[in-house]
Amino acid sequence: MPPRKSTDDRKDVKKAKTYFATKSVEFKGVDSTDPLSFRYYNAKQKVLGKAMEDWLRFSVVFWHSFRGVGLDPFGPATLARPWVTADDVSQPFDAIVEDCCARVDAAFEFFVKLGAKFYAFHDRDVAPELATIEESNKLLDKVTDYMLEKQKETGVKLLWGTANLFSAPKYANGAATNPDVKIFAHACAQVKQAMKVTHKLGGEGYVFWGGREGYQTILNTDIKKELDHMAAFFHMAVDYKKSLGADFQFYIEPKPKEPTKHQYDYDAQTVMSFLKQYDLDDHFLLNIEPNHTTLAGHAYEHDIVLSAAYGKLGSVDCNTGDELLGWDTDQFLMDERKATLVMKAIVDMGGFKTGGLNFDCKVRRESNDLEDLFIAHVGSMDVFAKGLLNAVKLIEDGRLDKMKKTRYESWTSEAVGKKVESGKATFDDLEAFAKKHKEPKIASGKQELYERVFNDSL
């Protein structure tokens, strides 16, 4: 880690009027070659009757952008930042607050200059854990009071909050699935406070990501007991939300592995089944991170399309991974094709209600200029804006949707198809139908044609 700033340096940082030399990012159109301008993202432009910014609902994350310093397993920090990234909890309480609030200043300056309307954070991103629950809560209250002031000053809103239940050593064996009820209790206390401050900040959502909720070996793990405990944890969260009078949306974020070898919220289908099994389905939507989807062995868009089809897509952590690497690289998406597939699913479901496109992304450790933080966000925002325009072009063209509908037309043209879909058919019905159609024609899947039609939108 880089050396911590001295007290004098910290005072200099606090006095600074700006942390970024970059000016506010503007829309300059498709002919612009300025990497610090938007070519496609025109926030107020109407698309299918809705402003582009309302379709996309871009959000910046606190953790990667304002706590990330370029560490990896093979080397130390490479990203020097003009705010404190490594908390010194040995100093007086007021000095810790000062560091935290200076970091908040930097973040909100970035949000405003970028033109992002939302942000997201973990509790420990904005305020470190102190010696006791009481001290930790006092600090988080103090810092989030200041964040509320910055929200009112800038108009930037909280997309969602969450609790970091994976970094502290006590959570090595899990939080909501820990074999020790004392640690389970600590996780509950931490989430209680994180939910409280999310409500105070007017957060539109609250995310649960279970990075340590899984196992390294089945030999020491009672899977049923751990899943039962995790369900009890979520039911208590539902109850506490009601007691708060909060209306934010709960999300669960699937991931198959890393840091645990097997994570219980493996993918979208696994999470949806878990919610059904434990009578939680009415209270949770999914926050899909495509880099997690590909780690589960699915295509980039798979969990987004699947959860949207079942009315369970709530929000998207819009990053990507490197297909040649087997871990969560959290890169900014620069692939127009993938962005188009994502935005087609989002437009088809009518857009987000409380979620958005949240940049759970980090600049590469080699991208060590401060302006790279802007370049990365601007580039990916443009890609998703282009993806939105492409998706609308596909929908208005109509060929892709018409071809797909035609592929399944026997289910509506044949009476037995309607009977199956209504749940009224029997095997006897289907056997009789099959005997009438002894040699059904095998229709072409036309994959290459679908791909060509899709490419026409790019």
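One can find the structure itself at the top, above this paragraph.
In short, a report on the structure. Everything numeric here is computed off the predicted structure, so don't read it as measured data. Numbering of residues begins from 1 in every chain and follows the order in which that chain's sequence is written. Two thresholds apply to this predicted model, a pLDDT of at least 70 for residue-level local features and 80 or more for giving and counting side-chain atom pairs, whereas whole-chain, interface and lining totals are computed over all residues. Only hydrogens and water are removed before side-chain values are computed, so all heavy atoms of the structure are retained for them.

**Focus on a nonpolar patch on the surface**
Inference 1: Each patch is built from residues lacking any salt bridge and having more than 30% relative accessible area; the joining distance is 9 Å for like charges and 5 Å for nonpolar side chains (Val, Leu, Ile, Met, Phe, Trp, Tyr). Method for areas: the Shrake-Rupley scheme with a 1.4 Å probe, in which residue coverage is limited to the protein chains shown. Counted as salt bridges are all cases of a side-chain nitrogen of Lys or Arg within 4 Å of a carboxyl oxygen of Asp or Glu. A grouping of Tyr408, Trp411, Val420 and Leu430 is seen on the molecular surface, where their side chains present a nonpolar patch of about 350 Å² in accessible area.
Inference 2: Along the chain, the position of Trp411 falls in helix α15 (residues 410-413).
Inference 3: Only protein chains enter the calculation, and the probe is 1.4 Å; a residue is then buried if its accessible area is under 20% of its type maximum, exposed if over 50%, and partly exposed in between. With a relative accessible area of 37%, Trp411 lands in the partly exposed category. Numbered from the N terminus, helices here are DSSP runs of H or I no shorter than four residues, and strands are runs of E no shorter than two.

**Here we look at the sheet that holds strand β6 (residues 118-122)**
Backbone hydrogen bonds are what pair the strands of a sheet, in a parallel or an antiparallel way.
Inference 1: Here, strands pair whenever DSSP counts at least two bridges between them. Taken together, the 8 strands give a closed barrel; going around it, the order is β5-β6-β7-β8-β10-β12-β13-β16, and neighbouring strands pair in parallel fashion. Across the sheet, the mean angle separating the axes of adjacent strands is 30 degrees when strand polarity is ignored.
Inference 2: By the bridge criterion, 3 bridges tie strand β5 (residues 58-61) to β6 in an arrangement that is parallel. Paired with Val60 across the two strands is Tyr119, which belongs to β6. Note on method: axes are straight lines fitted to C-alpha atoms, helices fitted across the in-contact stretch only, with angles between N-to-C directions ranging 0 to 180 degrees.

**Description of unusual backbone geometry**
Inference 1: The linkage connecting Glu258 with the following residue, Pro259, adopts the cis geometry, with an omega of 15 degrees.
Inference 2: In this model, Asp279 sits at a positive phi of 60 degrees, which is unusual for a non-glycine residue.
Inference 3: Within the secondary structure, Asp279 sits in the loop between α9 (268-277) and β12 (284-288).
Inference 4: For Asp279, a relative accessible area of 61% translates into the label exposed.
Inference 5: Unlike most non-glycine residues, Lys446 shows phi in positive territory, near 55 degrees.
Inference 6: Note that Lys446 resides in the loop between α17 (427-436) and α18 (447-455).
Inference 7: Using a relative accessible area of 45% as the deciding quantity, one classes Lys446 as partly exposed.

**With respect to the pattern of salt bridges**
Inference 1: In this structure the tally under the stated criterion is 26 salt bridges.
Inference 2: Between Glu53 and Lys44 there is a salt bridge, with the nearest N and O atoms lying 2.6 Å from each other.
Inference 3: Residue Lys44 is classed as exposed on the basis of its relative accessible area, which comes to 57%.
Inference 4: Measuring nitrogen to oxygen at the nearest pair gives 2.9 Å for the salt bridge that ties Arg399 to Asp397.
Inference 5: Take Arg399: its relative accessible area is 36%, and that puts it in the partly exposed class.
Inference 6: Looking at Asp397, the relative accessible area reads 39%, which means it is partly exposed.
Inference 7: Among the charged side chains, a salt-bridge network with shared partners connects Arg67, Asp87 and Arg103.

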